[in-house]
Amino acid sequence: LSSAFLSLDPLAYSSITGLLVKRRKTSMLKKFLSSKGKGFYLSLASLLCGLLTVVFYTARGGNYLSPVSPVAVVRMVLGIVTTLLCCFKDFGILGILPVAFYAVSVAVLLNTEMLFISNVAFGVDGNSFDALFFLFWIFDFLAVILAAVAFSLGYSKKKPAPVKE
């Protein structure tokens, strides 16, 4: 077999070895994904929602009533990082950390945006809710909900216990 490979021209040899490497990478990916449970895919959705929350919240920029809160941004980023970690390694009970970080970011955002919300609600100076305001709230709540459901379903498939006879 090796003499047959050597007799091929270098371009054909490199394409054959390239296919073998791709097949090995594909089998590693299949093995990785086959060990993941339903919660893994929901945590990916939660990760996307967390990223969109950070983007929309920081793009909005706040205003004089509610400037961008670095505490909220840090909590969202910690939620994103812990979600990413939970996607690659199942930490058991510590898988609740993304839920906690996303929930704390909702609480901090509610605290920082309260003056702006009351200003708009009572029409003090003509401010109104913009699209990014609604988008970052929606995606932050979705991140919390999806992370909680992902944790409850489990990030990895559980191996069946051995049957003793």
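Here, the structure is the one placed above.
Residues numbered from 1 in each chain as written. Predicted model: local features only at pLDDT ≥ 70, side-chain atom pairs only at ≥ 80, totals over all residues. Heavy atoms only, no water.

Next up on the list: the packing of aromatic side chains. Scanning all chains against the criterion turns up twelve aromatic pairs. Taken together, a centroid distance of 5.8 Å and an interplanar angle of 75° make the contact between Phe116 and Phe129 edge-to-face. Of this pair, Phe116 sits in helix H5 (residues 97-122) while Phe129 is found in the loop between H5 and helix H6 (131-153), placing the two residues 13 residues apart along the sequence. When its relative accessible area of 2% is taken as the criterion, Phe116 is described as buried. Each ring, one from Phe129 and one from Phe133, has its centre 4.7 Å from the other, and the planes form 20°; the classification is stacked. Linked through ring pairs, Tyr57, Phe116, Phe129, Phe133, Phe134, Phe136, Trp137 and Phe141 together constitute an aromatic cluster. The ring of Phe116 carries Arg60 above its face, with NZ or CZ at 4.8 Å from the centroid. (Phe/Tyr/Trp six-rings, centres within 6.5 Å; stacked < 30°, edge-to-face > 60°. Helix = DSSP H or I, 4+ residues; strand = E, 2+ residues; numbered from the N terminus. Buried < 20%, exposed > 50% of the residue type's maximum accessible area, 1.4 Å probe, protein only. Lys NZ or Arg CZ within 6 Å of the ring centre and 35° of its normal.)

Looking at the element boundaries, Ser105 is found in helix H5. Along the sequence, Ser105 and Arg75 sit 30 residues apart, while their C-alpha atoms lie 5.4 Å from each other. Leave out the neighbours within four places in its chain, and Ser105 touches Ala72, Arg75, Met76 and Asp140. Reaching out from Ser105, the side chain makes a polar contact with the side chain of Asp140 at a distance of 3.1 Å. (Contact = heavy atoms within 4.5 Å. Polar contact = N/O pair within 3.5 Å; in protein donor to acceptor, adjacent residues only side chain to side chain.)

Where helix H4 (residues 70-88) contacts H5, the two axes come as close as 8 Å, and the packing angle between them is 165°. By the angle class used here, H4 and H5 are roughly antiparallel. The two elements H4 and H5 cross, and the hand of that crossing is left-handed. Contact residues: H4 offers Val71, Ala72, Arg75, Met76, Leu78, Gly79, Ile80, Thr82, Thr83 and Cys86, while H5 offers Leu97, Pro98, Phe101, Tyr102, Val104, Ser105, Val108 and Leu109. Grouping the amino acids of the contact of H4 with H5 by side-chain chemistry returns 13 nonpolar, four polar and one charged. (Axes fitted to C-alpha atoms, helices over the stretch in contact; angles between N-to-C directions. Parallel < 35°, antiparallel > 145°, perpendicular 65-115°, else oblique. Left-handed = near helix turned anticlockwise from the far one by under 90°. Nonpolar A, V, L, I, M, F, W, Y, C, P; charged D, E, K, R; others polar.)

Taken as a whole and assessed by the stated rule, the structure comprises two salt bridges. A salt bridge links Arg60 to Glu113; the nearest nitrogen and oxygen atoms lie 3.4 Å apart. Residue Arg60 is located in helix H3 (residues 38-60), and its partner Glu113 is located in helix H5; the two are separated by 53 residues in the primary sequence. In this structure, Arg60 and Asp130 form a salt bridge, with 3.2 Å as the shortest nitrogen-oxygen distance. Placement of the pair is Arg60 in helix H3 and Asp130 in the loop between H5 and H6, with a sequence separation of 70 residues. Judged by its relative accessible area of 13%, Arg60 is buried. (Salt bridge = Lys/Arg side-chain N within 4 Å of Asp/Glu carboxyl O.)

Another aspect to go through is the nonpolar core. Within the largest apolar cluster, 25 residues are counted, with the highest numbers of intra-cluster contacts made by Tyr57, Ala72, Met76, Tyr102, Leu109, Phe136 and Trp137. Secondary structure elements with two or more residues in this core: H3, H4, H5 and H6. By residue number, the principal contributor to this core is H6, which donates eight residues. In contact with Phe136, not counting residues within four places along its chain, are Thr53, Phe56, Tyr57, Arg60, Leu109 and Glu113. (Core = buried A, V, L, I, M, F, W, Y, C linked by side-chain atoms within 4.5 Å.)

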